[in-house]
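# A structural walkthrough
Residue-level listing of the chains:
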Amino acid sequence: MTTPFVTLEHRGAVALVTLNSPNGLNPLTHELMTALGDTLQTLDEDTQTRAIVVTGSARAFAAGADIQAMAQMTYARAVNENFLAAEWQRVSTLRKPLVAAVRGYALGGGCEFAMICDIVVAGETAVFGQPEIKLGLVPGAGGTQRLPRAVGKSLAMEMNLTGESITAAQALAAGLVSRVVPDVDVVNAALAIGQSIARHSLPVLMAVKAATCRAFETSLAEGLAYERSAFHGCFALDDQREGCEAFLERRVPHFNHR
Ligand code: DAK
């Protein structure tokens with residue numbers, strides 16, 4: 001399912017989705033977001049796919065929402081048409097693990113989309129920022145919510161209020177990304193993480209993602225109760241029995257994703 005804006009490749013149970021705008025900056029236009037949403041939704045429903053890697057070009061993961069479209073936007077249209085909300089809702093509610101492989105600019109919605117992903121791998125020259133303030137805008141897809149949860153209040157405030165970007169090294173130190181690798185190795189590093197994820201049981205992977213995401217949305221007591229319920233629920237799966245038996249028999253488990 002390759003479109004002019006999004007390229008899709010399959011590497012076994014790992015899907016590689018590449019944002020693909022002509023100048024490599026990947027402005028998140030309506031067309032690109034629709035193609036991305038269609039692709040990710042299809043992969044989320046595909047039982048053969050267990051992890052998804054999303055990347056951009058060497059120049060940019062994504063340079064944010066389409067400033068051409070926003071330059072002409074009015075308050076009435078933004079509210080009445082629920083501007084950007086529906087297409088972003090689709091990419092932020094996926095159940096499968098998403099790994100972002102970030103090279104170059106991840107700005108505004110580009111940084112926010114990386115934060116929607118579950119794991120972020122960055123190239124050494126990657127740049128993360130929320131420059132919306134320079135456009136007279138508040139970040140709209142998590143810059144004021146996911147960013148402080150990821151990097152803490154002080155750095156999030158500095159990024160959101162100044163609009164200035166941070167480097168990959170700063171992003172690693174702050175916890176925005178899980179690792180930094182040479183630019184040329186970013187996609188392969190993300191694919192390797194994807195392969196390491198994809199060897200596990202699909203329903204358990206989705207349960208782990210759901211429970212971990214819960215940590216950012218609820219109290220500790222409620223999150224722990226959710227986790228305990230998810231843990232108990234695993235005993236309904238053949239894969240739980242297989243995983244434990246394989247350990248005891250000193251062999252590799254063969255999960256059937258049931
Ligand atoms: N949109 C449209 N065009 C863009 C663009 C963008 N985001 N970014 C770059 N371009 C265009 C430039 O206008 C230029 O077009 P031409 O003049 O060639 O026609 C071309 O791409 C090349 O750009 P530059 O000449 O500027 O290239 P440089 O290498 O010098 O600089 C740059 C690259 C990425 C640093 C720079 O282009 C830049 O700062 N871009 C803007 C980054 C930015 O401000 N992004 C934040 C946008 S606001 C929401 C969901 C999402 C959002 C909000 C709500 N909901 C769910 C409600 C997101 C909002 C945003 O992302």
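Use the structure listed above.
Quick caveat: nothing in here was measured; it's all calculated off a predicted structure.

## Some remarks on the pairing of strand β7 (residues 119-123)
If a strand is regular, its side chains alternate between the two faces of the sheet. By the criterion of burial, β7 is predominantly enclosed, with four of the five residues buried. Here strand β5 (residues 98-102) pairs with β7 via four bridges, running parallel. In the sheet register, Ala100 faces β7, and the bridge partner there is Val120.

## Section: helix α7 (residues 153-162)
Of the positions making up α7, those classed as buried are Ala156, Met159 and Asn160. For α7, the angular spread of the buried residues around the axis is 90°, confining them to a single face. Every exposed residue of α7 that faces more than 90 degrees away from the buried side is listed here: Ser154, Glu158 and Leu161. Turning to α7, the residues buried within the fold contact β8 (127-129), α6 (146-151) and β9 (166-167). Positive phi appears at Gly163, one or two residues downstream of α7, with a value of about 75°.

## Thoughts on the site of the ligand
With respect to spatial proximity, 23 residues lie near the ligand, and among them Arg59, Ala63, Ala65, Ile67 and Gly109 are the closest. A distance of 3.3 Å is found between an oxygen atom of the ligand and a side-chain nitrogen or oxygen belonging to Asn23. At 2.7 Å from an oxygen atom of the ligand is found a main-chain nitrogen or oxygen belonging to Gly109. The protein chains hide 62% of the 1100 Å² of surface that the ligand would expose on its own. Listing elements by their share of the shell around the ligand, those giving two or more residues are α2 (67-71), β6 (105-107) and α5 (109-116). Within the shell around the ligand, the residues separate by chemical class into 14 nonpolar, five polar and four charged.

Parameters and conventions
- Residues numbered from 1 in each chain as written.
- Predicted model: local features only at pLDDT ≥ 70, side-chain atom pairs only at ≥ 80, totals over all residues.
- Heavy atoms only, no water.
- Buried < 20%, exposed > 50% of the residue type's maximum accessible area, 1.4 Å probe, protein only.
- Helix = DSSP H or I, 4+ residues; strand = E, 2+ residues; numbered from the N terminus.
- Pairing = 2+ DSSP bridges.
- Arc of directions from axis to C-beta.
- Contact = heavy atoms within 4.5 Å.
- Near = heavy atom within 4 Å.
- Polar contact = N/O pair within 3.5 Å; in protein donor to acceptor, adjacent residues only side chain to side chain.
- Areas by Shrake-Rupley, 256 points an atom, 1.4 Å probe, with all protein chains shown as cover.
- Nonpolar A, V, L, I, M, F, W, Y, C, P; charged D, E, K, R; others polar.

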